[in-house]
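# Reading the structure
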Amino acid sequence: MPWILPFLSVAGIYAVGMSHLQRAIEESIVALRSLSTLEEPLYRAAQLVLRSLLSGKKLLVCGNGGSASDATHLATEFLCRFREDRRPYPAISLTANGELMTAVCNDYHADEIFARQVQGLGEKGDVLIVITTSGKSKNVLRALEAAKLKGVESIAFLGRDGGYTKGIATIDLIVPGAVTARIQEAQKVLFHALCEMVEEKLPKN
């Protein structure tokens, strides 16, 4: 309440801020340490992506909610570049076309916004990459199911216990935990590691 503000000292404000920051740091450390168990599936995911791109195929990437931004971020790392100067590789964010997604919502159902695109764009040899912190995003689940029907392999960045999406993708990368923000931060570390592993093997020209 505004009338309380004059009674808060600067030191008190900083103490409150630091307590929140320290808690976020500690939670983040726990989440990041959990990633060490994912080295083997992350390596397999990198091999899957590398094989697809070297074969002239493409990546399709999608995510629900805040993970929609992460999906576009990840696609950009391949279509532009990550660390090294190199030629672009085909990666399409299925979250970037608002016109299409609203049309699908209107004409079909919101759960179909990604599946419809996988059905139209996906080809054997492509890789679908999905991101969901809960593992319970129905639009992501439907995208994975559509990919299976098209013969498209997939990688799922999941959180918590994987939800009902666990086991649907070719490869699962599950970040355990109960705090969505910490899961999202850890997933970014994972997909940046994936980008780095793949990019160092891709031809530059």
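Residues numbered from 1 in each chain as written. Predicted model: local features only at pLDDT ≥ 70, side-chain atom pairs only at ≥ 80, totals over all residues. Heavy atoms only, no water.

## Structural notes on the environment of Arg116
As a reminder, the rule being used: To qualify as a helix, a DSSP run of H or I must reach at least 4 residues; to qualify as a strand, a run of E must reach at least 2; elements of each kind are numbered from the N terminus. When checking whether two residues touch, look at their non-hydrogen atoms; a contact exists if any pair is within 4.5 Å.
Counting through the fold element by element, Arg116 comes out in helix α5 (residues 115-121). Along the backbone, Arg116 and Glu185 are 69 residues apart, and their C-alpha atoms lie at a distance of 29 Å. The residues touching Arg116, leaving out its near neighbours within four places in the chain, are Val104 and Tyr108.

## Side note on unusual backbone geometry
Selection criterion: For every residue, the accessible area obtained with a 1.4 Å probe (protein chains only) is divided by the maximum for its type, and the residue is called buried under 20%, exposed over 50%, and partly exposed between those limits.
With phi around 60°, Arg160 is a residue other than glycine that occupies positive phi space. Relative to the elements of secondary structure, Arg160 occurs in the loop between β4 (153-159) and β5 (171-175). Judged by its relative accessible area of 32%, Arg160 is partly exposed.

## Examining the pairing of strand β1 (residues 59-63)
The test is simple: In this analysis, strands are considered paired if DSSP registers two or more bridges between them. Here the term right-handed applies to a crossover when the path leading from its first strand over the helix to its second strand runs clockwise, the strands being oriented away from the viewer.
Counting buried positions over the five residues of β1 gives five, a clear majority of the element. Residues Leu59, Val61 and Gly63 of β1 are buried on one face, and the alternating residues Leu60 and Cys62, pointing to the opposite face, are buried as well. Both β1 and strand β2 (residues 91-93) contribute to a ladder of three bridges, which runs parallel. By the bridge assignment for β2, Leu60 is matched with Ile92. For the crossover that starts at β1, traverses helix α3 (residues 66-79) and ends in the parallel β2, the hand is right-handed. Where β1 lies against strand β3 (residues 127-132), five bridges are found, and the strand directions are parallel. When the bridges of β3 are listed, Cys62 appears paired with Val130.

## Topic: helix α2 (residues 39-54)
Our working definition: Multiplying one less than the number of residues by 1.5 Å gives the expected span of a helix.
With 16 residues, α2 should cover 22 Å at 1.5 Å per step; its first-to-last C-alpha distance of 22 Å lies within 8% of that length. Its buried side turned inward, α2 meets β1, α3, β3, β4, β5 and α7 (180-199).

## Structural notes on the environment of Glu27
Assignment of secondary structure puts Glu27 in helix α1 (residues 10-34). Of the residues examined, Glu27 reaches a relative accessible area of 27% and is grouped as partly exposed. Once the C-alpha coordinates of Glu27 and Ala181 are considered, the two residues, 154 residues apart in sequence, prove to be 9.5 Å apart. Apart from residues lying up to four places away in sequence, Glu27 is in contact with Val179 and Arg182.

## So, the sheet that holds β4
Stated precisely, the cut-off is as follows: Each axis is a line fitted through C-alpha atoms, taken for helices only over the stretch in contact, and angles between the N-to-C directions span 0 to 180 degrees.
Pairing within the open sheet is parallel, and its five strands lie in the order β2-β1-β3-β4-β5. Taken across any chain shown, the strands that pair with only one partner, and hence form the sheet edges, are β2 and β5. Adjacent strand axes in the sheet meet at a mean angle of 15° when their direction is disregarded. Along the sheet, α3 makes contact with β1, β2 and β3, crossing β1 at roughly 160°. Against the sheet, helix α6 (residues 138-150) contacts β1, β3 and β4, and its axis sits at roughly 165° relative to β3.

## Details of the confidence of the model for the protein
Where we set the bar: A residue's pLDDT is the predictor's confidence in that residue, given on a scale from 0 to 100.
Per-residue confidence for the protein gives a mean pLDDT of 92; residues scoring 70 or more make up 91%. Across residues 1-14, where pLDDT falls below 50, the model places one contact with residues more than four positions away in sequence or in other chains.

## Here we look at the pairing of β4
Buried residues dominate β4, accounting for six of its seven residues. Note that β3 and β4 share six bridges and pair parallel. For Leu128, the partnering residue across the bridge sits in β4 and is Ser154.

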